[in-house]
Amino acid sequence: MLWDIFCKVIDNYGDIGVCWRLAADLAARGEQVRLWADDTSALAWMAPQGCPGVQVMPWAPGTSAVTPGDAVIETFGCELAPEFIAGIARKTQATDQKIPWVNLEYLSAEAFAERAHGLPSPVLGGPGAGLTKHFFYPGFTPRTGGLLRERDLEARQRAFGARQRAEWLARHGIPEAGERLISLFCYEPAELRSLLAQLANGPAPVRLLVTAGRAEAAMRAAMGQETTLQAMPGGRSMLSVDYLPMLTQWDYDHLLWVSDLNFVRGEDSLVRALWAGKPFVWHIYPQHDDAHHAKLEAFLDAVAAPASLRSFHRAWNSWGNAPLPALDLPAWAQAAQSARAGLTAQPDLAQQLLRFVAEKR
């Protein structure tokens, strides 16, 4: 089928990242996809090679007045242009073939994801009067739409052995000196300085691999321009820092695989950290009314996070006044591997979406 996926970019790393992975995953399963986005600039470094079967389309006034494909995905409530909605109505009337119109929602482990997943939303007025839109909720339980996961992901992870790890590190100029590797992808956590102090004064050498963008800016603000901390409390430092360039989506996966602990943010990197099966900490996007606290707690419940991981998440996300606790990687690793095993046993998002759309047609 021909799919139209629409994306309004709010965060270049988040919305467009999820949409590209979905488009590429559908294409890998034999589908044709037009990915409409109002800002495609991030794809230049995120997916520079493109993907067979995926056509990137500029979403601007007038460009939506085209004939819709066989299924329409409106991501994150981005609201289709009236002329495109009118096109859905015209094609439906002309062909007597339903064109599934799906609103792909944000990922959440909260209970409403199960309740609202798959629900219809009849269109009562405007150019789409008489059509029905359906809500599709990604999630962590069999009663939701699942998580994005390519069919060959496990095989690629198994093939990424010691040699591939060494080659990846060398290609990015990262010395392999037996240090613990920690990746950092975050917003501006208030506890970043506390984390640096903990790592710098820890019992073993650590190398922090900092992603480009906001994480790099936060790091430089916290520690200046040095690549190795020299003046942390205690007069010594066990911490070295490397700043990474913008990474393709595949390279970001490799970063998660080579690291012993991953700090992630947003939706796409959280899911990729789950599939990596390594200990991870999620920096959830903060909301002014603290609604993200309930979302974070629901996620920690969904992955059966141990007490130490819950405490660390709350401190990292500025929830309460408790200081940042110590890392507990053995317990966190066990929780991560258990969560990955349980989630891998469930159908992935693209698989469920294909089935859902087929039923609505």
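Structure: above.
Treat the numbers as computed from the prediction; the structure is a model and nothing was measured.

Asker: Whenever I open this one, the sheet that holds strand β10 (residues 239–243) confuses me. Can you help?
Answerer: Strands pair in a sheet through their backbones, by hydrogen bonds, and they do so in one of two ways: parallel or antiparallel. Pairing is parallel across the open sheet formed by five strands, whose spatial order is β10-β9-β8-β11-β12. The sheet is open, and its two borders are formed by β10 and β12 (280–283), each paired with just one other strand. Taking each pair of neighbouring strands and ignoring which way they run, the sheet shows an average axis angle of 15°. Bridge count between strand β8 (residues 180–184) and strand β11 (residues 261–265): three bridges; the pairing is parallel. Across the sheet, I182 pairs through a bridge with L261, a residue of β11. In the packing of helix α10 (residues 268–276) onto the sheet, contacts are made with β11 and β12, and the angle to β11 comes to roughly 155°.

Asker: Would you explain α10 in this entry?
Answerer: Each full turn of the α-helix corresponds to 3.6 residues, which orients residues three or four apart in the same direction. Of all nine residues that make up α10, nine are buried, and the element is covered over most of its length. Every buried residue of α10 is accounted for by D268, S269, L270, V271, R272, A273, L274, W275 and A276. Positioned one or two residues after α10, G277 has a phi angle of 75°, which is positive.

Asker: Would you take a moment to explain helix α13 (residues 329–344) for this structure?
Answerer: For α13, with 16 residues, the first-to-last C-alpha span of 22 Å sits near the 22 Å given by 1.5 Å per residue. Of the positions making up α13, those classed as buried are L329, W332, A333, A335, A336, A339 and L343. The buried residues of α13 occupy an angular sector of 165° when projected down its axis, which confines them to one face. Across from the buried face of α13, at angles greater than 90 degrees, the exposed residues are P330, Q334 and S338. Looking at the buried residues of α13, the elements they touch are β8, β11, α10, β12 and α12 (307–316).

Asker: What am I meant to see in the side chain of K133 here?
Answerer: Checked against the element boundaries, K133 lands in strand β7 (residues 132–136). Exposure remark for K133: the relative accessible area of 16% places this residue in the buried category. Looking at K133, its side chain comes within polar contact range of the side chain of E74, at 3.2 Å.

Asker: When you look at the nonpolar core in this model, what are you seeing that I'm missing?
Answerer: Side chains that are nonpolar tend, in soluble globular proteins, to be buried together. In this structure, L184, L208, M219, F263, L274, F299 and W316 are the most contacted members of the largest nonpolar core, which totals 65 residues. Of all the elements, α10 adds the most residues to this core, at six residues. Ignoring anything within four residues of it in the chain, the contact list for M219 reads L184, L192, L196, L208, V210, G224, V241 and Y243. By size, the runner-up hydrophobic cluster in this structure holds 34 residues, among which are V18, A23, I73 and A350.

Asker: I would appreciate a short explanation of the environment of Q164 in the present structure.
Answerer: The topology assignment puts Q164 in helix α6 (residues 162–171). Taking C-alpha positions, Q164 is 21 Å from P279, a pair spaced 115 residues apart along the chain. Here G161 takes part through its backbone nitrogen, which lies 2.9 Å from a polar atom of the side chain of Q164.

Asker: Looking at this structure, how should I read empty space enclosed by the protein?
Answerer: A probe matching the size of a water molecule, rolled over the atoms, marks out where space remains unfilled. Per the stated rule, a full pass over the model turns up two cavities of 30 Å³ or more. V18, L148, E267, V271 and L349 are the residues nearest the centre of the largest cavity, which is lined by 15 residues in total. Looking at the lining of the largest cavity, the elements with two or more residues in it are α1 (15–28) and α10. The biggest single contributor to the lining of the largest cavity is α10, with three residues.

Asker: Sorry if this is basic, but what is going on with the packing of α1 against helix α9 (residues 249–258) here?
Answerer: When two helices pack together, their arrangement is captured by the angle between the axes and the distance separating the axes. One can describe the packing of α1 onto α9 by two numbers: an axis separation of 12 Å at closest approach and a directional angle of 100°. Comparing the axis directions of α1 and α9 gives the class roughly perpendicular. Across from G17, W20 and R21 in α1, the residues of α9 making contact are Q249, W250 and D253.

Asker: For this particular structure, what's the right way to read the packing of aromatic side chains?
Answerer: Given two aromatic rings, one states the distance between the centres and the angle between the planes to describe the pair. In this structure the tally under the stated criterion is 18 aromatic pairs. Ring centres 5.3 Å apart and planes at 70° place the aromatic pair F160 and W257 in the edge-to-face group. You can see F160 sitting in the loop between α5 (153–159) and α6 and its partner W257 sitting in helix α9, a full 97 residues away along the chain. Residue W257 is classed as buried on the basis of its relative accessible area, which comes to 11%. Between the aromatic rings of Y187 and Y285, the centroid separation amounts to 5.4 Å while the plane-to-plane angle is 80°, which identifies the pairing as edge-to-face. Within this pair, whereas Y187 is found in the loop between β8 and α7 (192–200), its partner Y285 is found in the loop between β12 and α11 (291–302), the two being separated by 98 residues in sequence. One aromatic cluster is present, formed by F6, W36, W59 and F84 through successive ring pairs.

About the thresholds
- Residues numbered from 1 in each chain as written.
- Predicted model: local features only at pLDDT ≥ 70, side-chain atom pairs only at ≥ 80, totals over all residues.
- Heavy atoms only, no water.
- Pairing = 2+ DSSP bridges.
- Helix = DSSP H or I, 4+ residues; strand = E, 2+ residues; numbered from the N terminus.
- Axes fitted to C-alpha atoms, helices over the stretch in contact; angles between N-to-C directions.
- Contact = heavy atoms within 4.5 Å.
- Buried < 20%, exposed > 50% of the residue type's maximum accessible area, 1.4 Å probe, protein only.
- Expected span 1.5 Å × (residues − 1).
- Arc of directions from axis to C-beta.
- Polar contact = N/O pair within 3.5 Å; in protein donor to acceptor, adjacent residues only side chain to side chain.
- Core = buried A, V, L, I, M, F, W, Y, C linked by side-chain atoms within 4.5 Å.
- 1 Å grid on protein atoms, 1.4 Å probe; cavity = no way out; pocket = protein on both sides within 12 Å on 5 of 7 lines; lining within 4 Å.
- Points joined across faces, edges and corners; volume = space filled by probe spheres on them.
- Parallel < 35°, antiparallel > 145°, perpendicular 65-115°, else oblique.
- Phe/Tyr/Trp six-rings, centres within 6.5 Å; stacked < 30°, edge-to-face > 60°.

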